[in-house]
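Examining the three-dimensional arrangement
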Amino acid sequence: MDTTPTDSLAPPAPAGKTVTRAGDRVFLGLSRGSGILLLVIMAAIAVFLTVRTISAVSQDHGNFLTTFEWNADNTPPVFGIAVLAYGTVVSSVIAMVIALPVSIGIALFISHYAPRRVASPLAYVVDLLAAVPSIVYGLWGALYLVPHMQGLTAWLDQYLGWTVVFKQSAPGTAARSLFTVGILLAIMIIPIITNVSREVFRQVPRAHEEAALALGATRWEVVRMSVLPFARSGIVSASMLGLGRALGETMAVATVLSSSPVLTAHILDPAGGTFAQNIASHFGEATDFGRDALIASGLVLFVITLLVNGAARMIIARRKEYSGAAA
Amino acid sequence: MKLQRKSGLRALAVGAAAVSGALVLTACGSDNNSGSSSPSTGASNAAAGSIKCGSKGNLLASGSTAQQNAVNVWVKNYMQACPGTQINYKGTGSGAGVTEFLQGSTAFAGSDSALKPDQIAQSKKVCGGTGQAIDLPMVGGPIAVGYNLPGVSNLVLDAPTLAKIFNGKIVKWNDPAIAKLNPSAKLPSTAIQAFHRSDESGTTDNFTKYLIGAAGSEWPYSGGKAWQAKGGQSAQGSSGVAAQVKQTAGSIGYFELSYATAGSIPTVAVDTGASQPVQASSDNASKMIADAKVVGTGDDLSLKLDYATKADGAYPITLVTYEIVCDKGNKSATLGATKGFLSYIAGSGQQGLSGQGYAPIPAEINAKVRSTIDALS
């Protein structure tokens, strides 16, 4: 093995002098320009949000962080993000709790269990699920899911009401709650998490799996000992992609949730709100000042999303050395 | 190949989401109802024959979605009768419509509420320094209170009871206050599920104006386009509220009459103190507007409704929408077309409105509107 095929096929490079052609320079310029453009856009968004936010928040007659209601167009304006931040986080957490196990299950089934004839159509259907526009999910949620949630919420209220979380303040109300929104969001983010996890599961080195099989591991033990540890960081980034969509989802939430300035631990109650839903609901009739106030809430969502992404990156970086995903 | 297929799909998804997002944003707070938007009312087509065209030109206008269905029919008829005139009315919501007008980007605006004093002061800039913006009442409409209560028909409520229901003070259908107004009805003991708008809207504004005007201390809020009362449930758009009322037993909600008609949702008759409880209808809304006082100064014809009215057949939960133009100093390029179009909608365009769930402006006020339009310059 003293001569590899690449050695013999590579063009002879002149030593000590690199040739740059016009194409190289154009491409360098283009790619550098794209990189700079991205930074400029991000900076511009941040500056725009910050300037508008400062002008709005300085005139807020409530506490921007702790006020429940959103009456930015009243005189004097009183608005705050407490309910919105709570609702955004709670609905996204519910969505993640439901979507993550299901997505990993689907992805494992497609990559490791299903026969090829079933796996590729199934993967295609999951792709299709990602292509459904969110307003369609919203309409389906409001007109079909909500009436059909009645039984489940009544059951949860009856048997798990003692947990406070599943208590309904007024049994029998329409299920236009954060819980229903969470379920809808879960359905919307399942394809995203599934797709990315599936690709990661496919990349597990064949040698790892064969080694586990050679040691006498069953299918489940192979998954547990070689696939899941290798794919852990990939699953985390898949979840973060999904979480990003759940946090920012607008129309589906706006059509399904019965929003109100109420912060409650009872997730089955028709109450609460999310950042994106609140912006969609108030934007159409907002005055200039009301718009600035909505932009301020947008900035908070922007910051929350940045924090979530940062946390995900930290987790991935820490896991890298164990999983082998760094390769 | 595989990669390409996937990225193509993803791009499709992104594109679809973007398009639907844009569609939905423009439809926010929309009071359209596709059920009534079909411009096929015979009366309005017949009226098209008597249109007197103004000079040609392109008209841009925007604003209230509550009057959009009416405007759509007017625009269609006017453009058919007057080739060479292009009119584009965007239902952006009253707030955005007035803002665009004050920025000088539209010839007129549609609005569910009259201009505020500071907006009139601001308007002098776009009205050439000599004029100012005025409100012209052009079309009214009843806001129906729809309910879903199996076994109960012809529900009657009055203002204090409505206020208590929407304020969460009355929570059961068999509350004594409701029973007193409906002695013959068999009211169930189920919980009342009151629905309001989750988005900001002129419908909410006018509904709460009525509660403030007629229910007194039972409605302790200042009013506005955003819902202020605690409790209750909310839905997006009049169509959203109507859909929830239709599918939820024990519910009650407010929306334009056309939604109740389209969804065959029963509506509350309001006990105003008149000899009979008043049903929500175009005629009854017109009677309400007929008793309104003009409170605008000069050419401004903004109206003040007497929400506590006891007149027979006057339905008190009524909204009036305005067209907003400059009295003097309109742009010369659009003045002719604006006058032509507004004269038509204040004249023969008023016929056929009731077929769409709107209420025409009564003759006395309408005459003032027409003479004001003739004097626009």
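Definitions and limits used
- Residues numbered from 1 in each chain as written.
- Chains lettered and ligands numbered in written order.
- Predicted model: local features only at pLDDT ≥ 70, side-chain atom pairs only at ≥ 80, totals over all residues.
- Heavy atoms only, no water.
- Salt bridge = Lys/Arg side-chain N within 4 Å of Asp/Glu carboxyl O.
- Helix = DSSP H or I, 4+ residues; strand = E, 2+ residues; numbered from the N terminus.
- Buried < 20%, exposed > 50% of the residue type's maximum accessible area, 1.4 Å probe, protein only.
- Patch = residues over 30% accessible without salt bridge, like charges linked within 9 Å, V, L, I, M, F, W, Y side chains within 5 Å.
- Areas by Shrake-Rupley, 256 points an atom, 1.4 Å probe, with all protein chains shown as cover.
- UniProt positions renumbered as here; feature names shortened; annotations may be inferred.
- 1 Å grid on protein atoms, 1.4 Å probe; cavity = no way out; pocket = protein on both sides within 12 Å on 5 of 7 lines; lining within 4 Å.
- Points joined across faces, edges and corners; volume = space filled by probe spheres on them.
- Nonpolar A, V, L, I, M, F, W, Y, C, P; charged D, E, K, R; others polar.
- Disulfide = S-S within 2.5 Å.
- Core = buried A, V, L, I, M, F, W, Y, C linked by side-chain atoms within 4.5 Å.
- Contact = heavy atoms within 4.5 Å.
- Pairing = 2+ DSSP bridges.
- Axes fitted to C-alpha atoms, helices over the stretch in contact; angles between N-to-C directions.

**A short note on the pattern of salt bridges**
Residue and element names in this part refer to chain A. By the definition in use, this model includes 8 salt bridges over all chains. Between Lys167 and Asp157 there is a salt bridge whose closest N-O contact spans 3.7 Å. In this pair, Lys167 is assigned in the loop between helix 5 (134-160) and helix 6 (178-202) and Asp157 in helix 5, connecting sequence segments 10 residues apart. Note on Lys167: relative accessible area 37%, which makes it partly exposed. The class for Asp157 is buried, based on a relative accessible area of 12%. The salt bridge partner of Glu209 is Arg206, with a shortest N-O separation of 3.5 Å.

**What to know about a nonpolar patch on the surface**
A contiguous nonpolar surface patch, about 550 Å² in accessible area, is contributed by Leu37, Leu38, Ile41, Met42, Ile45 and Leu306 of chain A. Along the polypeptide, Leu37 of chain A turns up in helix 2 (residues 22-57).

**Quick look at the UniProt feature "domain: PBP" (unreviewed entry) in chain B**
Sequence positions flagged by UniProt for "domain: PBP" (unreviewed entry) are, in local numbering, residues 56-346 of chain B. Taken end to end, residues 56-346 of chain B is 34% helix and 22% strand, and its first and last C-alpha atoms sit 19 Å apart.

**Quick look at the layout of surface pockets**
Considering only enclosed or pocket space, the second largest pocket measures out at about 1,000 Å³ in volume. Looking at the second largest pocket, it is lined by 38 residues, and the ones nearest its centre are Asp73 and Thr287 of chain A together with Lys116, Gln119 and Lys225 of chain B. Of all the secondary-structure elements, those providing two or more residues to the lining of the second largest pocket are strand 1 (70-71) and helix 11 (288-323) of chain A together with helix 5 (94-102), helix 6 (117-123) and helix 9 (202-215) of chain B. For the lining of the second largest pocket, the per-class residue count stands at 12 nonpolar, 16 polar and 10 charged.

**Considerations on the state of the cysteines**
Residues and elements named next belong to chain B. A full pass over the atoms with the stated rule returns 2 disulfides over all chains. Across a sulfur-sulfur distance of 1.9 Å, Cys53 and Cys82 are joined as a disulfide pair. Given an S-S torsion of about -90°, the disulfide between Cys53 and Cys82 has left-handed geometry. Placement of the pair is Cys53 in the loop between helix 3 (42-47) and strand 1 (57-63) and Cys82 in the loop between helix 4 (68-81) and strand 2 (85-90), with a sequence separation of 29 residues. In this model, Cys127 is linked to Cys326 through a disulfide, with the two sulfur atoms separated by 2.0 Å. Residues Cys127 and Cys326 are joined through a disulfide that is left-handed, its torsion about the S-S bond being -75°.

**Some remarks on the nonpolar core**
All names here are of chain B. Among the nonpolar cores identified, the biggest contains 90 residues, and Trp74, Phe166, Ile252 and Phe341 are the most heavily contacted of them. For this core, the element with the highest residue contribution is strand 4 (residues 133-148), accounting for 8 residues. Leave out the neighbours within four places in its chain, and Trp74 touches Met138, Val139, Glu323, Phe341, Tyr344, Ile345, Gly349, Gln350 and Leu353.

**Things to note about the sheet that holds strand 4 of chain B**
Residues and elements named next belong to chain B. The 8 strands lie next to each other as 2-1-3-12-4-8-6-7, forming an open sheet whose pairing is mixed. Where the open sheet ends on each side, the last strands, each with one partner, are strand 2 and strand 7 (233-235). Here the average twist between neighbouring strands, direction ignored, is 25°. Pairing analysis gives 3 bridges linking strand 1 to strand 3 (residues 108-111), with the strands arranged parallel. Bridge pairing in strand 3 places Ala61 opposite Phe108. Sheet strands touched by helix 9: strand 4, strand 6 (193-197), strand 8 (251-256) and strand 12 (318-326). Its angle to strand 8, the strand with the most contacts, is close to 110°.

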